[in-house]
Amino acid sequence: MSHPKYNKQIKGAWEKFLSGKDYSASAGLRPTIDESWRRCLVSRVDPTHNPTPPLLERSALQALRERHERLISASSPFMVQSRSLLARTGTVMILTDPEGTILDVEGDPRLRDAIERVHLVPGASWNETASGTNAIGTALVLLQPIQVHASEHFCEEVQKWSCSAAVIRDPVTAAILGVLDVSGLSGTYNKYSLPLVAMTAERIENQLAQQESERRLALLEACLPRLSSGDGVIVFDRHGNLVKANDKATAALAAWDVSLIATTRIPLPGAAETPDAAPETLPEWLLANRIEPILRKSQLLGFVVSIPMLAALSDRSLPRIGESAAARVPGTPSEPREALLSTMLDQSASVVFLKDMAGHYEFVNRCFEQTFGVRSADILGRTDAQIFNADLAQTLRRRELEAIAKAASCESVDELTLDGRSVWLAAVRFPIRDGSGEITSICTQANEIAQADEARSALRSTTAAVDPAGEGVLVTDANGHIVTVNAAFTRITGYAVDEVIGKPPRILKSGLHAKEFYQRMWRSLIDHGRWQGEIQNRRKNGDIYPEWLTIYSIKSADGAIQNFIAIFGDASAIKASQQHVEFMRIHDPLTGLPNRSLLMERLKECVDEAARLKDPLAVMLIGLDNFRDINDSLGHDLGDRLLQHITDRLRRCICDAHTIARLGGDEFAVVMRGATSEELHRFAANTLDYLSASFCLGGQERFITTSLGISLYPADGDSGAILLRNADTAMHAAKAGGRNRYQFFAEDMNARLRQRMSLETGLRAAIEHDRFRVVYQPQDDLVTGAMVGAEALLRWTDPTLGEVPASRFIPVAEEAGLIVTIGDIVLSKVLAQIALWRMQGLVPPRISINVAAQQMREPHFVEHLCELLERQGVPPEAICLELTEGTLMTDLDQTAQILSRITRHGIAISIDDFGTGYSSLSYLSRLPIQELKVDQSFVRTIADEAGNRSITTAIIDMAHALGMTVLAEGIETGAQLQILKDRHCEIGQGYYFHRPLSSAAFATLLAETSPAMH
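Residues numbered from 1 in each chain as written. Predicted model: local features only at pLDDT ≥ 70, side-chain atom pairs only at ≥ 80, totals over all residues. Heavy atoms only, no water.

- Per an unreviewed UniProt entry, the recorded name for the protein is EAL domain-containing protein, and the organism is Aromatoleum diolicum.

Some details on the overall build of the protein
Next, step 1: Along the protein, the regular secondary structure elements total 36 helices and 35 strands.
Next, step 2: Among the 1014 residues that make up the protein, the fraction classed as buried is 50%.
Next, step 3: Sequence separation of 24 or more characterises 59% of the internal contacts of the protein that already satisfy a separation of 6 or more.
Next, step 4: A total accessible area of about 46,200 Å² is found for the protein, and carbon and sulfur atoms account for 52% of it. (Helix = DSSP H or I, 4+ residues; strand = E, 2+ residues; numbered from the N terminus. Buried < 20%, exposed > 50% of the residue type's maximum accessible area, 1.4 Å probe, protein only. Contact = heavy atoms within 4.5 Å. Areas by Shrake-Rupley, 256 points an atom, 1.4 Å probe, with all protein chains shown as cover.)

Examining the pairing of strand β5 (residues 176-184)
Residues in a regular strand point their side chains to alternate faces of the sheet.
Next, step 1: Within β5, eight of the nine residues are buried, which leaves it mostly tucked inside the rest of the structure.
Next, step 2: Direction of pairing for strand β1 (residues 91-96) relative to β5: antiparallel, over a ladder of six bridges. Across the sheet, the residue bridging to Thr 91 is Gly 184, located in β5.
Next, step 3: Counting the residues between successive antiparallel strands, the hairpin from strand β4 (residues 162-169) to β5 contains six residues, one of them, Ala 174, with a positive phi of roughly 65°. (Pairing = 2+ DSSP bridges.)

Topic: the sheet that holds strand β14 (residues 439-448)
Next, step 1: If you walk across this open sheet you meet the five strands as β11-β10-β14-β13-β12, and the pairing is antiparallel. The two strands at the open ends of the sheet, each matched to only one other strand, are β11 (361-364) and β12 (410-418). Sheet twist, expressed as the mean angle between neighbouring strand axes with direction ignored, is 25°.
Next, step 2: Pairing of strand β10 (residues 351-356) with β14 involves six bridges; the strand directions are antiparallel. Along β14, the bridge assignment pairs Val 352 with Gln 445. (Axes fitted to C-alpha atoms, helices over the stretch in contact; angles between N-to-C directions.)

What to know about the sheet that holds strand β26 (residues 742-744)
Next, step 1: The strand order β21-β22-β20-β25-β26 describes an open sheet built from five strands, whose pairing is mixed. Whereas interior strands pair on both sides, the edge strands pair on one side only; in this sheet they are β21 (659-664) and β26. Taking each pair of neighbouring strands and ignoring which way they run, the sheet shows an average axis angle of 20°.
Next, step 2: The sheet contact formed by strand β25 (residues 706-713) and β26 spans three bridges and is parallel. Across the sheet, the residue bridging to Ile 710 is Phe 744, located in β26.
Next, step 3: Contacting β20 (617-624), β22 (667-673), β25 and β26, helix α23 (residues 677-691) runs over the sheet at an angle of about 160° to β25.

As structure tokens, this is what we get:
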């Protein structure tokens, strides 16, 4: 009966709630959540039953990450820490952008399935319309740390979670950069999540502030020579905010009647326009051609503005341009005015002239003389009507009167006829005022458009080429004012020609692109003279549309930029599938990372830029150790999942990288620009550490190690291909050095690489031509002295290389993928030899055969082994398989299953080189192992070093406690033998007893020491 349909009071309260009457002006957490619930109900938001909102495409997700690179970089250390901090707490940490789109997720690995079920993954939208009421959306509304408990979530699936969230602000602009959220299923952790998220958000903001401070210090350091020079210089940060101005600039601005205050800014391409920003912005006429970007390691630090100096005047006698001119007689300017004009003539590359209110010329500069074909001495004190023809005089005077009427600066583009030639001038006119605020003069600054013949030719040919194709063309002057457009421009944008002439292209801005987007465009135009890409623009009617835009800078003969030409087409009809195909062409389909093709393209650009800027450049190659084993043992699906997890970790721990790419298989490449040697060491060590942590695959924790190789430009190569090749060489050196380490390239590695390639070639030939042989080293009972076994050892003699020790060719065989084939050869040879000895009436002892990890994890290995035994007629108890500790630890559960199947057939298992690896009692107790071999490194010094003696004693005691037999290898002296006997070691092997014997010599020994078979 409590349903609203049956109860008038409840019905009234329900309708009142849905109408929102009590919530429109409410504030605080509870009213905000209630209002969100109301909106969700009214809008029928139902994340539980409605179709799941699609995740961002990989290309869009990559673009999103690039837009928020600062936030991701600053938060990365804390996201990395959260993996261990939140482990086993039932909690995850989430980072989103200001719209609630998830950028990163990390935390308790046990929640991976749960967070994927509720779509807490990068690229998912976690705003109110997609997910209902949640902490992220509530924090964005209240702009303060908040906690939303389980029952307060609108989405039923998320009502098991309690979430705390805090916004992250830009330390410079105070704008919201994103939201940090800590969500968990564990009730016990809820009381810690709110202070944790608030503290972490604050630490991220501090990290952003530190980055900004470092960038500002780097900017000042880069500009110090300019600030200390005799020029007037003002430094602005990358946001356009004032950082510092030297005394010369301050004095010069005072003479120009321009104020410089702490909030003074400069206009930047793509910067958001606010009404109150204009009074604090330096005027465009003063900034024309004087804004110079300051870059370091291809990052924009800020800008330097050079202010025209009044060189002939002392600091105390600098006149203001707006001082009273009532007492001046036309044609006889004062001495300070003469100095001012002289300085301007020397400083300005634009047409600059000054007239009084009656139109008399007070001064002109050299550029004016050259453009108009007159001498200053002939025109000062005269009007246009006294100098030029009537049409030209009327045009110039009309423009000046517009500026006087508006009492503000006016922009125009005019076509003038001078001595029979047509000249286009883009001009800015602004009034000069005296101390009382009265306008006394009009100053004009103008730039000739398409001054060079080649610029006009390029413009004509470009326009002619694109008009038939229906592409829009827009041409601006060097200051970014539109000079002309074609008919296609009007058709696409809706703007007529007269509506855009003289205006900046930002009238088309959609507001969807971050300022970093326009900064990259700006840098490309300055550095390369060209920019191309997709951009979202706005038509006159307000519609936003995509266009494929190409911008060229047109330069004069002296290299100065005269025009910009933009060519674009309406890309609204481009299908998403075409974009997807293009993205997939240059990206890895599994991880979404750039593939080899895109890597080489970017690497070439980086090398060219490093050569030009003299900046350091590094290429890091990351190879997964024994990934083939994981792929074979777990299956390709989980192997692919592991590669995706590794990609996510690389993005976090090397977020400062220019490019992270997947080369294929188990190899990744990283391009680092501008990193010092110390930073590279830190990056490499952090990468090894971060990737060595466990991965949750198939509901279980798995481990993998990596090897890194690093090459440096220009020391290790002057092209991308050479740098990548040398990084690969260094990576293989790291693998050969023991794996799970990093190695910088050294020239002698090329010699080692050639040796390795020679060994690999020789191994392939040895397999083809049967050049391997097996020798046997006896194993004796330490009490009776009887031979109780032997180890089969592989030997290889190459026609060119000679005798190659196993310690050299086995690692090469593993890297080359030949170890399984060679292992099969050894098994076949040993079993055939045992069968032969038995046919000869000999009784060979148990023969131990070394088995590699890759070989043991081959599909159907156990079946193949049993088939070989049966084929040769060799009983299973006649052999023992020797495995290293590393083989066991790759996947302990699967290893236990395989070994159990082997031992059920009656085949013994021995652990080789024990004590050199993990040496864990826990794994020994879980595996069916019959024998433990003490490594010869301990035996060699057992008589001399008490430490090794203690370790050996502990190994023997531990093995006996687990019911295992102990075999000591490498016994060479009687003293070593006695110590081992005293500690009850059962079996020994080494030169003290026998060297390895050929099959014939071993047969002779058998005939002497064992009875014949009957």
